[in-house]
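# Structural features, examined
Chain by chain, the residues run as shown.
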Amino acid sequence: SSSSLIEDVTGDIVSGRKRFAILNFWRNIGETPVSRAPLSIYSSRYDGDVAFPDAAPNVEDSKWYMFPNATRDEVIVFYQYDRERDQPSDLWHCAIEVEEKESDSVHRRKSFDIRALIVFDDEVSDNNDRFSPERTRPVQKAIAYVDARTVGSRTNTKSHH
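Conventions used here
- Every chain is numbered on its own, with residues counted from 1 as its sequence reads.
- A pLDDT threshold of at least 70 governs which residues receive local features in this predicted model, and a stricter bar of 80 or more applies before side-chain atom pairs are shown or counted, although totals over entire chains, interfaces and linings include all residues.
- The basis for the side-chain values is all heavy atoms of the structure; hydrogens and waters are excluded.
- Any residue under 20% of the maximum accessible area for its type is buried, any over 50% is exposed, and the rest in between are partly exposed; the area is computed with a 1.4 Å probe on protein chains only.
- We count a stretch as a helix when DSSP gives it H or I for four or more residues in a row; a strand needs E for two or more, and each element gets its number in order from the N terminus.
- A pair of strands counts as paired when DSSP detects no fewer than two bridges linking them.
- For every residue, the predictor assigns a confidence score, pLDDT, that lies between 0 and 100.
- For this analysis, residues touch if any pair of their heavy atoms sits within 4.5 Å.
- What counts as a salt bridge is simple: a side-chain nitrogen of Lys or Arg found within 4 Å of a carboxyl oxygen of Asp or Glu.
- Like-charged residues within 9 Å of one another, or nonpolar side chains (Val, Leu, Ile, Met, Phe, Trp, Tyr) within 5 Å, are grouped into patches, provided each residue has over 30% relative accessible area and no salt bridge.
- Each accessible area value is a Shrake-Rupley result obtained with a 1.4 Å probe; residue values ignore everything except the protein chains displayed when judging cover.
- We treat Lys and Arg as the positive residues and Asp and Glu as the negative residues; His and chain ends play no part in the count.
- Charge placement uses NZ in Lys and CZ in Arg. For Asp and Glu, CG and CD serve respectively.
- Aromatic contacts are taken between Phe, Tyr and Trp rings whose centres are within 6.5 Å, Trp giving its six-membered ring; a plane angle under 30 degrees counts as stacked, one over 60 as edge-to-face, and the others as tilted.
- Whether a charge sits over a ring comes down to the Lys NZ or Arg CZ being within 6 Å of the ring centre and within 35 degrees of the ring normal.

### Looking at the pairing of strand E2 (residues 39-43)
- For E2, the buried fraction is high: five of the five residues fall into the buried class.
- Burial of the side chains of E2 extends over both faces: Leu39, Ile41 and Ser43 are buried on one face and Ser40 and Tyr42 on the other.
- By the bridge criterion, five bridges tie E2 to strand E3 (residues 63-67) in an arrangement that is antiparallel. Looking at E3, one finds that Ser43 is bridged to Lys63.
- Sheet topology places E2 next to strand E5 (residues 91-95); five bridges connect them, and they run antiparallel. Within the sheet, the bridge partner assigned to Ser43 lies in E5 and is Leu91.

Printed below as a string of structure tokens:
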């Protein structure tokens, strides 16, 4: 049954220390390309081996990626989380308001995203487990690490056609 499968997977993750990752799939479902509030992904970089929530990103090395003009025929896939500390998995996403044109008020963004939980056969070692019970818990205002004023000056724009 599906409930026993969920219990098995949960047990593998929590008790069995199985490695897991989360993939995110984002798609515009509107009739027109996204011109207002496009998907933006913050690719954070850190100094040394410590990452969020134990350290703030290095703003100089981190980058924003925006996806303006995304159409309904495109799906943007990104690796959002990995239990293994040595795997890059600190991608934060949001919609960033850009200068609005008159036509943008008519075409509000319509999008959805869905996440996939992937459980691997390998186990995570104690010293490399980002999900361990001893881990630092992120505070509610953790997004404050990302200084919104850096968005305009540090944006890498990617157009998809």
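### Observations concerning the confidence of the model for the protein chain
- Taken residue by residue, the protein chain gives an average pLDDT of 78. The fraction at 70 or more is 78%.
- In this model, residues 140-161 is a region of pLDDT below 50 whose contacts with residues beyond four sequence positions or in other chains number 41 contacts.

### Some remarks on the pattern of salt bridges
- Considering all chains together, one arrives at seven salt bridges under this definition.
- The partner of Arg19 in a salt bridge is Asp82, with the nearest N and O atoms 2.6 Å apart. Separated by 63 residues along the polypeptide, Arg19 in strand E1 (residues 18-28) and Asp82 in strand E4 (residues 75-82) bring together distant segments of the chain.
- Given the relative accessible area of 0%, Asp82 is considered buried.
- Within this structure, Arg17, Arg83, Asp126 and Asp129 form a network of salt bridges that share partners.

### Some points on unusual backbone geometry
- Its identity as a non-glycine residue notwithstanding, Ala37 has a phi of 55°, on the positive side.
- One can find Ala37 in the loop between E1 and E2.
- Take Ala37: its relative accessible area is 6%, and that puts it in the buried class.

### Overview of a negative patch on the surface
- On the surface, Glu7, Asp8, Asp12, Asp121, Asp122 and Glu123 cluster together into a patch of negative charge.
- Breaking the negative patch down by element, the ones donating at least two residues are helix H1 (2-14) and strand E6 (111-123).
- Positionally, Asp12 belongs in helix H1.

### A look at the packing of aromatic side chains
- What the rule picks out here adds up to three aromatic pairs.
- Relative to Trp64, the ring of Tyr42 has its centre 5.0 Å away and its plane inclined at 50°; by these criteria the two rings are tilted. Pair noted here: Tyr42 is in strand E2 and Trp64 is in strand E3, with a separation of 22 residues, a long-range link.
- We classify Trp64 as buried; its relative accessible area is 6%.
- Their ring planes at 35° and their centres at 5.9 Å tell us that Tyr42 and Trp92 sit as a pair that is tilted. Of the two residues, Tyr42 sits in strand E2 while Trp92 sits in strand E5, which places them 50 residues apart along the sequence.
- Three or more aromatic residues joined by ring pairs form one cluster here, namely Tyr42, Trp64 and Trp92.
- Above the face of the Phe120 ring, Arg19 is positioned so that its terminal group lies 4.2 Å from the ring centre.
- For Arg130, the ring lying beneath its charged end belongs to Tyr81, and the centroid distance is 5.9 Å.

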